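Chain residues, written in single-letter form:
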Amino acid sequence: MHRRSLLAGAAALGLSTPSVGRAQARTEIQFWHAMPGVLGETVAEQVKRFNDSQGGVTVVPSFKGSYTDAMTGAIAAWRAGNPPHIVQVFEVGTATMMSAGPAIRPVHELLAQSGVVLDPKRYLAGVRGYYSDTQGRLISMPHNSSSAIMWINLDAFEKAGLSTTDLPKTWKQIRAAAEKIKAANAAPVAVTTSWPTWVMFEQMAAMHDVRFATLSNGFEGLGAELRLTSPLFVKQVEYLLALQKDGMFRYGGRDNAADGLFVSGEAAISFMSSSLRARVGKEAKFKWASVPLPYHDDVIAQPKNGVLGGASLWTLTSKTRTPAEYKAVAEFFRSISEVDQDLWWHKTTGYVPITLAAYEKAKAEGYYAQNPGADAAILQLSRAEPTPNSAGFRLGGMVEIRNIIQEELEKALQGQQNATQALENANRRGNVVLRNFERANKA
């Protein structure tokens, strides 16, 4: 009761109410994020817009390296008793953060205790579902949501004699285009990919309605088992190996290491996050297009929805944290959920809008007609009702599982094993991670 009364009192007073005799000091909030370069600059602007909009709170953003670095660093800081108030965690870290227990304050609790109202239904269904508990309550705040899409160098296509309007939709068409690009020497690299596991495994599983793991990819509980040896994954890895063997695919590295191959003009076709739109628009010296990912038309006639990428914001607890600080976090979350702020973020970065209202406003303004491809990720995420295989992933240790898949894929690309062996090894090793996570987190 004492804690609730304190929270209620803080809510009633407000953050910017001056104290008697002197102005109240601004409440400072530490925000750790994992967005470098152009996106990091945009985060800084997002924070500045909030800081300048009111007089009670100052959010201080800090770049902390990769998504993995930011997440593990924040958890380590919590254990040391000095965590940030907010940490940005990528979508596959959701299960890990949910298991963090007292280290986190779920968003629905934060909002209720701070007197800040945000109806979960304001957010896009796919975004809301990924970051909610089984009762539909938000556990983290949607922030930068994306999907992997296909990026095409239209100058290279033109040089290769390929259509710059009727772009590839299937993997067969990608192969045919790559052959022409190579034959015409239209680009040093025909095809590459960023985020190999996200694109070639997670997105392909969702789009083809194939299980990545049992128990609805972990949404139904801790006992999930990987299904990486399915025919679809064998087909996908064999496709990449054949493309590489014939000199039409270059492996650019793990996670987003290959982004620069497309932005520099070296690769004609790449599969990257929709959030690259800001960087591509700023740095690319060629005409380009962004469209949904290709699919295997001999596996599925019409692809299902792609899966969410990007990250959400988690509220960390501390024994020394005050009600005013928690309310300040809630106010920042409310700010980034406002329609105009969300629309600005969407247009500036290429991430999808997190709210329905911002998406509808962008359409009404003619933004997508004026900026073809800016809605590629939205269309891909919403083109079918999600199935248990395409709703997303909530697997413990997913970061480690991704690295295992990348390790085994790399061995195959280096000629050390075939596709089947790579997938069997990844499946076996990944299931060990799941069982270890299950044992550590079972109630």
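Residues numbered from 1 in each chain as written. Predicted model: local features only at pLDDT ≥ 70, side-chain atom pairs only at ≥ 80, totals over all residues. Heavy atoms only, no water.

### A word on the nonpolar core
Nonpolar side chains tend toward joint burial in soluble globular proteins.
Consideration 1: Counting 141 residues, the largest nonpolar core has Ile 181, Phe 212, Ile 269 and Phe 332 as the members making the most contacts within it.
Consideration 2: Residues within four places of Ile 181 in sequence aside, it is in contact with Phe 157, Ala 160, Leu 162, Ala 186, Ala 187, Ala 190, Ala 268 and Ile 269. (Core = buried A, V, L, I, M, F, W, Y, C linked by side-chain atoms within 4.5 Å. Buried < 20%, exposed > 50% of the residue type's maximum accessible area, 1.4 Å probe, protein only. Contact = heavy atoms within 4.5 Å.)

### Regarding the sheet that holds strand β6 (residues 189–193)
Consideration 1: If you trace the 4 strands from one edge of the open sheet to the other, you get β6-β7-β5-β8, paired in mixed fashion. Each edge of the open sheet is held by one strand with a lone partner, namely β6 and β8 (288–291). Each neighbouring strand pair of the sheet contributes to a mean axis angle of 20°, computed without reference to strand direction.
Consideration 2: The pairing of β6 with strand β7 (residues 267–273) spans 4 bridges and is parallel. For Thr 193, the partnering residue across the bridge sits in β7 and is Phe 271.
Consideration 3: Seen against the sheet, helix α8 (residues 171–183) touches β5 (148–153), β6 and β7 and runs at an angle of roughly 145° to β7. (Pairing = 2+ DSSP bridges. Helix = DSSP H or I, 4+ residues; strand = E, 2+ residues; numbered from the N terminus. Axes fitted to C-alpha atoms, helices over the stretch in contact; angles between N-to-C directions.)

### Some details on unusual backbone geometry
Trans is the prevailing form of peptide bonds, just as negative phi is the prevailing case for residues other than glycine.
Consideration 1: The residue Asn 185 is not glycine, and still its phi comes out positive at about 50°.
Consideration 2: By the element assignment, Asn 185 lies in the loop between α8 and β6.
Consideration 3: With phi around 55°, Asp 209 is a residue other than glycine that occupies positive phi space.
Consideration 4: Its place among the elements puts Asp 209 in the loop between α9 (196–207) and α10 (214–217).
Consideration 5: Overall, the relative accessible area of 29% leaves Asp 209 in the partly exposed class.

### Some details on the packing of helix α5 (residues 107–114) against helix α14 (residues 323–336)
Consideration 1: Running from N to C, α5 and α14 cross one another at 110°; their axes reach a closest spacing of 9 Å. Classified by the angle between their axes, α5 and α14 sit roughly perpendicular to one another. In contact with Val 107, Leu 110, Leu 111 and Ser 114 of α5, α14 contributes Tyr 326, Lys 327, Val 329, Ala 330 and Phe 333.
Consideration 2: In the contact of α5 with α14, the residues fall into 7 nonpolar, 1 polar and 1 charged. (Parallel < 35°, antiparallel > 145°, perpendicular 65-115°, else oblique. Nonpolar A, V, L, I, M, F, W, Y, C, P; charged D, E, K, R; others polar.)

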